[in-house]
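# Secondary and tertiary structure notes
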2 protein chains.
Amino acid sequence: MAVIRIENVVASTSLGRELDLQAIALALDGAEYEPKQFPGLIYRLKEPKTATLLFRSGKVVCTGAKSLEQVKTAISKVAKQIEAAGIVIKGEPKIEVQNIVASSDLGAKINLNAIAISLGLEKVEYEPEQFPGLVYRIDVPKVVLLLFGSGKLVCTGARKPEDVEAAVDKITAELKAAGLLK
Amino acid sequence: MAVIRIENVVASTSLGRELDLQAIALALDGAEYEPKQFPGLIYRLKEPKTATLLFRSGKVVCTGAKSLEQVKTAISKVAKQIEAAGIVIKGEPKIEVQNIVASSDLGAKINLNAIAISLGLEKVEYEPEQFPGLVYRIDVPKVVLLLFGSGKLVCTGARKPEDVEAAVDKITAELKAAGLLK
DNA sequence: AACCTATTTAAATACCCATTTAAATACCGT
DNA sequence: ACGGTATTTAAATGGGTATTTAAATAGGTT
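Calculation notes
Residues numbered from 1 in each chain as written. Chains lettered and ligands numbered in written order. Predicted model: local features only at pLDDT ≥ 70, side-chain atom pairs only at ≥ 80, totals over all residues. Heavy atoms only, no water. Phe/Tyr/Trp six-rings, centres within 6.5 Å; stacked < 30°, edge-to-face > 60°. Helix = DSSP H or I, 4+ residues; strand = E, 2+ residues; numbered from the N terminus. Buried < 20%, exposed > 50% of the residue type's maximum accessible area, 1.4 Å probe, protein only. Near = heavy atom within 4 Å. Polar contact = N/O pair within 3.5 Å; in protein donor to acceptor, adjacent residues only side chain to side chain. Nonpolar A, V, L, I, M, F, W, Y, C, P; charged D, E, K, R; others polar. Salt bridge = Lys/Arg side-chain N within 4 Å of Asp/Glu carboxyl O. Expected span 1.5 Å × (residues − 1). Contact = heavy atoms within 4.5 Å. Pairing = 2+ DSSP bridges.

Moving on: the packing of aromatic side chains. Residue and element names in this part refer to chain B. Applying the stated criterion across every chain, the model contains 4 aromatic pairs over all chains. Taking 6.0 Å as the distance between ring centres and 75 degrees as the angle between the ring planes, the aromatic pair formed by Phe38 and Phe55 counts as edge-to-face. With Phe38 in the loop between α1 (21–27) and β2 (41–46) and Phe55 in the loop between β3 (49–54) and β4 (59–65), this pair connects stretches of sequence that are 17 residues apart. The exposure class assigned to Phe38 is partly exposed, which follows from its relative accessible area of 37%. Residues Phe131 and Phe148 carry aromatic rings whose centres are separated by 5.9 Å and whose planes lie at 75 degrees to one another, so their mutual orientation is edge-to-face. Placement of the pair is Phe131 in the loop between β6 (124–125) and β7 (134–138) and Phe148 in the loop between β8 (143–147) and β9 (152–158), with a sequence separation of 17 residues.

This part is about the protein's contact with DNA strand C. Around DNA strand C there are 46 residues in total, and A:Ser57, A:Arg137, B:Ser57, B:Gln130 and B:Arg137 lie nearest to it. Here, DNA strand C places atoms within 4 Å of the protein, and 70% of those atoms are sugar or phosphate. Between DNA strand C and B:Arg56, the relevant distance is 3.0 Å, taken from a phosphate oxygen to a side-chain nitrogen or oxygen of the residue. For DNA strand C, a base nitrogen lies 2.6 Å from a polar atom in the side chain of B:Thr156. Class assignment of the residues belonging to the surface near DNA strand C gives a composition of 22 nonpolar, 12 polar and 12 charged.

Any two side chains of opposite charge can pair, given that their charged atoms come close. Summed over the entire model, instances satisfying the criterion amount to 12 salt bridges over all chains. Notably, a salt bridge pairs A:Glu18 with A:Arg56, separated by 2.8 Å at the nearest N-O pair. Linking A:Glu18 in the loop between β1 (5–14) and α1 (21–27) with A:Arg56 in the loop between β3 (50–54) and β4 (59–65), this pair joins segments that are 38 residues apart in sequence. A:Glu18 gets classed as exposed once you look at its relative accessible area, which sits at 58%. Given the relative accessible area of 47%, A:Arg56 is considered partly exposed. Note that B:Arg5 and B:Glu7 form a salt bridge whose closest N and O atoms lie 3.4 Å from each other. Judged by its relative accessible area of 54%, B:Arg5 falls in the exposed class. Under the relative-accessibility criterion, B:Glu7 is labelled partly exposed at 25%. Each of A:Arg5, A:Glu7 and A:Lys66 takes part in salt bridges that share partners, so that together they form one network.

Near DNA strand D, the surroundings consist of 40 residues, among which A:Arg44, A:Ser150, B:Arg44, B:Thr63 and B:Ser150 are the closest. Sugar plus phosphate: this is where 68% of the atoms of DNA strand D within 4 Å of the protein reside. Within the side chain of A:Lys49, a nitrogen or oxygen atom sits 2.8 Å from a phosphate oxygen of DNA strand D. Grouping the amino acids of the surface near DNA strand D by side-chain chemistry returns 22 nonpolar, 10 polar and 8 charged.

All right, on to helix α2 (residues 68–84) of chain B then. Residue and element names in this part refer to chain B. With 17 residues, α2 extends 24 Å between its outermost C-alpha atoms, agreeing within 8% with the 24 Å of an ideal straight helix rising 1.5 Å per residue. Of the surrounding secondary structure, the elements contacted by the buried residues of α2 are β1 (5–14), α1, β2, β3 and β4. Just past α2, the residue Gly86 takes up positive phi, approximately 85 degrees.

For the rest of this paragraph, the subject is the sheet that holds β4(B). All names here are of chain B. Pairing in this open sheet of 9 strands is antiparallel, and the strands run β2-β3-β4-β1-β5-β9-β8-β7-β6 from one edge to the other. Strands with a single pairing partner mark the edges of an open sheet, and in this sheet they are β2 and β6. As defined by bridge partners, β2 adjoins β3 across 6 bridges and the pair is classed as antiparallel. By the bridge assignment for β3, Tyr43 is matched with Thr52.

Encoded structure:
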């Protein structure tokens with residue numbers, strides 16, 4: 001079984017009401033808010049190490065967490081700090097994981113050129129002079145894998161950890177079946 | 001009967017004599033006059049919300065009004081302000097509506113691809129990757145309709161409100177006859 | 001050599017800008 | 001004589017702006 005490491009969890013939720021980002025920018029130390037550059041306010045926490053984006057609509061996006069637990073902790077902390085500044089918000093609703101980025105290792109070097117040819121041009125994109133990784137799209141679970149010559153890989157687009165597991169199992173089986181791994 | 005909303009009326013007239021745009025630019029607060037960029041002086045009114053263009057020849061173009069009434073009000077206001085600055089002009093002659101832009105809604109989603117095929121290539125232009133709307137030209141009244149998948153539409157080129165009404169009735173009848181609406 | 005930067009992928013969020021159409025006006029450049 | 005330049009306005013769509021993260025390359029900078 002391949003060891004999978006979750007590298008980044010992106011999740012969204014809502015604070016339930018419109019936010020005065022200008023006021024929040026002043027209340028949260030270190031907050032970055034440059035509306036003409038980007039409409040969201042960016043606020044980073046050192047623990048869990050995350051970057052939370054707050055929007056005028058009250059919608060929130062949390063990035064950088066390593067688990068759903070960290071996402072919850074981060075959003076709670078941010079909400080608490082906003083409330084501490086006297087800004088009213090509603091107890092946040094459900095948190096939805098929008099994307100999970102994970103890494104793994106197939107355990108052996110692989111020949112990307114050979115894989116690009118046998119795995120079919122429809123789901124494979126490989127332009128080494130543009131990017132060293134081979135892009136492989138899987139329909140179920142709907143994720144994208146970036147395969148590298150070292151055997152290491154990146155999985156993105158997953159909604160839950162099991163999707164990553166399924167994807168890695170799938171590519172492993174396919175490569176072995178084609179004699180391109182081990 | 002489809003609800004039609006007039007979004008913009010463009011009209012022209014003349015103040016009767018040559019104008020010293022440089023002097024008017026100084027007299028009208030907020031006026032924009034950059035002759036090397038555009039020969040006309042641009043002057044905006046907040047009420048009615050319009051943009052009036054004044055030319056050296058004394059010709060005037062008013063844009064942004066929602067009705068002929070607003071056009072008249074806007075031009076009168078501008079003329080008054082110019083006279084108040086001690087600049088002599090003649091009581092403005094007839095105002096001619098040059099273009100009316102209006103929007104409406106067919107009430108149901110429509111299939112632009114199907115419409116592009118059945119309505120004939122001669123009067124239809126549809127390049128979704130360039131612009132999401134389908135361009136449909138009508139000869140009488142001579143207007144152009146922009147049809148969108150949502151069923152909403154834009155009519156431009158009309159000279160009077162009745163032209164818009166006639167155009168919407170026409171496209172509605174044609175689409176229904178072809179079984180492309182409702 | 002040790003750093004940065006960029007490259008690619010996904011996702012939510014939400015702003016701006018361009019796209020297209022018509023019309024009058026007028027001035028410059030090809 | 002056209003084709004920009006500028007003004008207004010709706011419709012809906014795409015792209016760029018910013019955030020995070022791993023992988024492995026190239027290129028540039030101290």
